[in-house]
Amino acid sequence: MSEESQDPKVIALRREKAEAIRARGIDPYPPRVERTHTAAEALAVGESTEPVTVCGRVGPIRLMGKAAFFHLADASGRIQVYLKKNIVGDEAWEHFKGDLELSDFAQVTGPLFTTKTGELTVEAREWKMLAKTIRPLPKEHFGLKDRETRYRHRHADLAANPEVREVFLQRSRIISAMRRWLEDPGHEFGGYVEVETPVMHTIPGGALARPFETHHNALGLDLFLRIALELHHKRCVVGGIERVFEIGRIFRNEGISTRHNPEFTMMELYTAYVDVRYTERLMEALIKHLAQENNGSSVVTLGDQTIALDCPWRRVSLCELISERCGAKVHPGMPAPELRALLGSLVDADEKPLPDEPGHLLLEVFERHLEETLVAPTFVTDFPKSVSPLVKARRDDPLLAERTELYIGGLELAPMYTELNDPAEQRLRFEEQMRAREAGDDEAMRMDLDFLDALEHGMPPTSGLGLGIDRLVMLLTGQSSIRDVILFPLLRPEISPVD
RNA sequence: GGGCGCGUAGCUCAGCCUGGUAGAGCACCGGCCUUUUAAGCCGAGGGUCGCAGGUUCGAAUCCUGCCGCGCUCACCA
């Protein structure tokens, strides 16, 4: 543990103070406040003999014998308080000196005046403890910088670092704006209905990933936390909800990095009677809209990269992209040894063995070497069919699928698909996946008979997408770690958190 | 799991290379101070230098092992 508020001396002293207040018959945690103005509202009033009552968290107290200055901070901002012995009276002054400390919550009433340094300040006539704080926050000036402490004690991080709070307020606004835009029937890409689908699945489907497992006692049933929203959404489309989306948490049992958290938020969206070209245009319009709403501009900054979103977004096929890099034409139809030879150094540089299946091999090379180079917005199209078991193959090239992925700032943001709606073909794809699973690929999909049943009831031509909300928020707020856009990221539990 | 780095007062860190009984700032406690902005001034307390072993007359400092944490790579839509 590494935090100022962990000093046992300080904690004990503060507990004693809380008890001392109680012993005088005053509740250090009173149930009601008399606030008339937020900090910002009080500042807007200007100088005034009419008293205001403001509340907030107490900042560093500058005590000078018989008077003191401090700030009260609330969500709207902060306002300074001047508290003087001969105005509040001897008793209130003594209690102030003895009881009130950094990080407590307090209420102050008085008129507004301007100090000689020009700051509008409440001149306290009276004050009241609203909540005694046992563990003080680090002083603002020193801040709370240690990453581990910040993530483990996010409440302290939020309280001490306004810029951190601001990122999460932006996250909320971005998601809210996304919902409004998708639901709005007044534009080409609107009119979507938000649904809620199960988090617990009997068969985890819709993506290639390892799931978390759990168990339902009454049914004696092993269950999995969902790794995607896809299959239920398609069942909604079968049922006649032609424009459907969900913003929901999904769970993948895999590593943690600056771009991966085991639980994260995905926006999936499905549209009947369109193909992947429509969804690409929707994606472009949505992200430009959100950038405009949140940042007031179409330029975003991520790390040391400045990314313009308003330029036309590049479209390039996966194979073309790899060919550009290795100088030879590649295609999933080529046998693996030939591909390896053509890929040259893209293969040699790796310590880890690459997969033999040509589609997987190409995908792996792309992910390792090319993904991070895609800084300007880029649609990478035509992924191999073998790595896209739920996607319609291209009619003119059956080894490629109508699957596009959007990259911005080197981040994989969203896959888009023309969905496979032929139940016979889907069954074959599942069987292929089952064979891969038996051969040891524990990310391969499992046969989902309920889903096949749905397709047999008829799904219109449909396109879908899955947008990683956390990564989108990273992009729009300029954060380079996913942990800085997830309030409570998963961490290894602390040893001996005894107190 | 691999690589790199860190672990000294409640916090941030110096001291380690070149071994000689532990330092600073802030916080905390006491005193002074009625327009301050990390207020200021004076004073006091506080550390088995991550743990264990080794080398040495002597180890925070050199060596070995272990533990914890961070970054990164790998794993991973």
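Since the structure is predicted, the reported quantities are computational estimates derived from the model, not experimental observations.

Of all residues adjacent to RNA strand B, which total 49 residues, the nearest are Thr117, Leu208, Arg252, Glu254 and Glu412. A distance of 2.7 Å separates a base oxygen of RNA strand B from a polar side-chain atom of Gln80. Side-chain polar atom of Glu119 to a base nitrogen of RNA strand B: 2.8 Å apart, as the coordinates give it. Of all elements in the fold, only helix 1 (8-23), strand 2 (62-63), strand 3 (67-74), strand 4 (77-84), helix 13 (358-370) and strand 20 (403-408) reach the threshold of two or more residues within the surface near RNA strand B. Looking at the surface near RNA strand B, its residues break down into 13 nonpolar, 11 polar and 25 charged.

Attention shifts here to the packing of aromatic side chains. All told, the structure shown has 11 aromatic pairs when counted by the stated rule. Ring centres of Trp181 and Phe189 lie 6.3 Å apart, and the angle between their planes is 25°; on these two criteria the pair is classed as stacked. Look at Phe189 and you get buried, because its relative accessible area is 8%. Where Phe430 meets Phe451, the ring centres are 6.3 Å apart and the plane angle is 80°; that geometry is what we call edge-to-face.

Side-chain pairs of opposite charge can arise where the charged atoms are in close proximity. Tallying each qualifying case throughout the model produces 30 salt bridges. A salt bridge links Arg281 to Glu188, with the nearest nitrogen and oxygen atoms 3.0 Å apart. Here Arg281 is found in helix 9 (residues 276-295), whereas its partner Glu188 is found in the loop between helix 7 (162-183) and strand 8 (193-194), with 93 residues between them in sequence. Accessibility expressed as a relative area gives 45% for Glu188, which makes it partly exposed.

You can see Thr381 is positioned in strand 17 (residues 378-381). For Thr381, a relative accessible area of 5% corresponds to the buried category. Discounting residues that sit within four places of it in the chain, Thr381 has contacts with Arg277, Glu280, Arg315, Val316, Ser317, Leu318, Arg403 and Thr404.

Right, let's talk about unusual backbone geometry for a bit. Of note in the backbone geometry, Tyr273 takes a positive phi value of approximately 70° without being a glycine. On the basis of relative accessible area, Tyr273 is assigned to the exposed category, the value being 56%. The residue Asp382 is not glycine, and still its phi comes out positive at about 60°. Take Asp382: it is sitting in the loop between strand 17 and strand 18 (393-394).

As defined by bridge partners, strand 18 adjoins strand 19 (residues 397-401) across 2 bridges and the pair is classed as antiparallel. Looking across to strand 19, one finds that Ala393 is bridged to Ala401. Following strand 18, the chain reverses through 2 residues before pairing antiparallel with strand 19.

Reading across the sheet, the 8 strands line up as 8-12-13-22-21-20-17-16 and stay open at both edges, with mixed pairing between neighbours. The open sheet has two free edges, formed respectively by strand 8 and strand 16 (314-317), since each of these has just one partner strand. Note that strand 20 and strand 21 (residues 411-418) share 6 bridges and pair antiparallel. Bridged to Thr404 within strand 21 is Met416.

Criteria and thresholds
Residues numbered from 1 in each chain as written. Chains lettered and ligands numbered in written order. Predicted model: local features only at pLDDT ≥ 70, side-chain atom pairs only at ≥ 80, totals over all residues. Heavy atoms only, no water. Near = heavy atom within 4 Å. Polar contact = N/O pair within 3.5 Å; in protein donor to acceptor, adjacent residues only side chain to side chain. Helix = DSSP H or I, 4+ residues; strand = E, 2+ residues; numbered from the N terminus. Nonpolar A, V, L, I, M, F, W, Y, C, P; charged D, E, K, R; others polar. Phe/Tyr/Trp six-rings, centres within 6.5 Å; stacked < 30°, edge-to-face > 60°. Buried < 20%, exposed > 50% of the residue type's maximum accessible area, 1.4 Å probe, protein only. Salt bridge = Lys/Arg side-chain N within 4 Å of Asp/Glu carboxyl O. Contact = heavy atoms within 4.5 Å. Pairing = 2+ DSSP bridges.

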